Amino acid sequence: MSIWSYANPRKFLDTTAPWVPWLMWLSAAVLAVGLVWGFFFTPEAERFGSSVKIIYLHVPSALMAINAWLMMLVASLIWLIRRHHVSALAARAAAPVGMVMTLIALITGAIWGQPMWGTWWAWDPRLTSFLILFLFYLGYIALWTAIPDPDSAADLTSVLCLVGSVFAILSRYAVNFWNQGLHQGASLSLDKQENVADVFWVPLLVCMAGFVLLFLALVLLRTGTEIRARRIAALRARARRVEPVRA
């Protein structure tokens, strides 16, 4: 069975709808385990004290903020190349979720930064690129709302998504591109010497898994909602065209 068969809205809904409740419950359970483990059953860090525990919200939300935009990029490219409406609606559905993830990352980063750096905000390369990414999320959502024709809106937002991908990449690799800045390197790395200690690392992985599951559940739920809303709008438009003829 080809993956492109799921571009059919009915098949997409029939396949994904049964999974959404399970993903919701599973994400809630995994997040509960990860957050309780991280906040209540890990020690204070030697240099950072209890403030280190903000990573259980900050790191997963930052990870999903970037990857949500990259998922939107893939969906937008599919729309531009193959004109599958489900992909465009999936990108639209992911945008508010990614925006909230970016906002959580910015807020938790400020909470971390104030005691560590002595300031709530600094024009650090990674912080600045994340703020710009947040503004791109706002612009993407506003552009979808402002354009009445769905296909034109999908075209323009897909182009915006391509441009915003630059800042999604910068948000991830800004520390590598520029040596200056307050933000430290990655908490998780293929290089074990750069990882946080195992006592923090394992519950952090659990939290990251919970955020991924939550993202999947919300995107599938919202995509289904967008498909139904598109169908209702089409039926209303058809009814408006038929009414004058009957009159």
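Residues numbered from 1 in each chain as written. Predicted model: local features only at pLDDT ≥ 70, side-chain atom pairs only at ≥ 80, totals over all residues. Heavy atoms only, no water.

- By the naming in an unreviewed UniProt entry, the chain is Heme exporter protein C, taken from Limimaricola soesokkakensis.
- As recorded by UniProt, the Sequence similarities (unreviewed entry) comment attached to the chain reads in full: "Belongs to the CcmC/CycZ/HelC family." (UniProt positions renumbered as here; feature names shortened; annotations may be inferred.)

**Concerning unusual backbone geometry**
Part 1: In this structure, Arg83 is a non-glycine residue whose phi angle is positive, near 60 degrees.
Part 2: Take Arg83: it is sitting in the loop between α3 (55-82) and α4 (85-117).
Part 3: Using a relative accessible area of 37% as the deciding quantity, one classes Arg83 as partly exposed. (Helix = DSSP H or I, 4+ residues; strand = E, 2+ residues; numbered from the N terminus. Buried < 20%, exposed > 50% of the residue type's maximum accessible area, 1.4 Å probe, protein only.)

**Focus on helix α5 (residues 125-146)**
Think of an α-helix as 3.6 residues a turn; residues three or four steps apart then line up on the same face.
Part 1: The first and last C-alpha atoms of α5 sit 31 Å apart over 22 residues, in line with the 32 Å expected at 1.5 Å per residue.
Part 2: Along α5, the residues that are buried comprise Pro125, Arg126, Leu127, Ser129, Phe130, Leu133, Phe134, Phe136, Tyr137, Tyr140 and Trp144. (Expected span 1.5 Å × (residues − 1).)

**Regarding the nonpolar core**
Part 1: Counting 34 residues, the largest nonpolar core has Trp69, Met72, Phe130, Tyr140 and Phe215 as the members making the most contacts within it.
Part 2: At the level of elements, α3, α4, α5, α6 (150-177) and α7 (198-246) are the ones that each hand at least two residues to this core.
Part 3: Counting residues per element, this core draws most heavily on α3, at 10 residues.
Part 4: Filtering out sequence-adjacent residues up to four positions away, Tyr140 remains in contact with Trp69, Met72, Ser76, Ala91, Arg92, Ala95, Thr157, Leu160 and Cys161. (Core = buried A, V, L, I, M, F, W, Y, C linked by side-chain atoms within 4.5 Å. Contact = heavy atoms within 4.5 Å.)

**Here we look at the pattern of salt bridges**
Part 1: Taken as a whole and assessed by the stated rule, the structure comprises 4 salt bridges.
Part 2: A salt bridge links Asp155 to Arg83; the shortest N-O distance between them is 2.8 Å. Residue Asp155 is found in helix α6, and its partner Arg83 is found in the loop between α3 and α4; the two are separated by 72 residues along the sequence.
Part 3: Arg222 serves as the salt-bridge partner of Glu226, at 3.7 Å between the closest nitrogen and oxygen. Placement of both Glu226 and Arg222 in helix α7 is noted, with a separation of 4 residues, approximately one turn of the helix.
Part 4: Residue class for Glu226 comes out buried when judged on its relative accessible area of 15%.
Part 5: The exposure class of Arg222 is partly exposed, given its relative accessible area of 29%.
Part 6: Overlapping salt bridges bring together Arg92, Arg222 and Glu226 as one network. (Salt bridge = Lys/Arg side-chain N within 4 Å of Asp/Glu carboxyl O.)

**Digging into the packing of α4 against α5**
Part 1: For the pair α4 and α5, interaxial distance at closest approach is 9 Å and the crossing angle is 150 degrees. Considered as vectors, α4 and α5 are oriented roughly antiparallel to each other. Considering how the two elements wind past one another, α4 and α5 form a crossing that is left-handed. In contact with Ala88, Ala91, Arg92, Ala95, Pro96, Gly98, Met99, Thr102, Leu103, Ala105, Leu106 and Trp117 of α4, α5 contributes Leu127, Phe130, Leu131, Leu133, Phe134, Tyr137, Leu138, Tyr140, Ile141 and Trp144. (Axes fitted to C-alpha atoms, helices over the stretch in contact; angles between N-to-C directions. Parallel < 35°, antiparallel > 145°, perpendicular 65-115°, else oblique. Left-handed = near helix turned anticlockwise from the far one by under 90°.)

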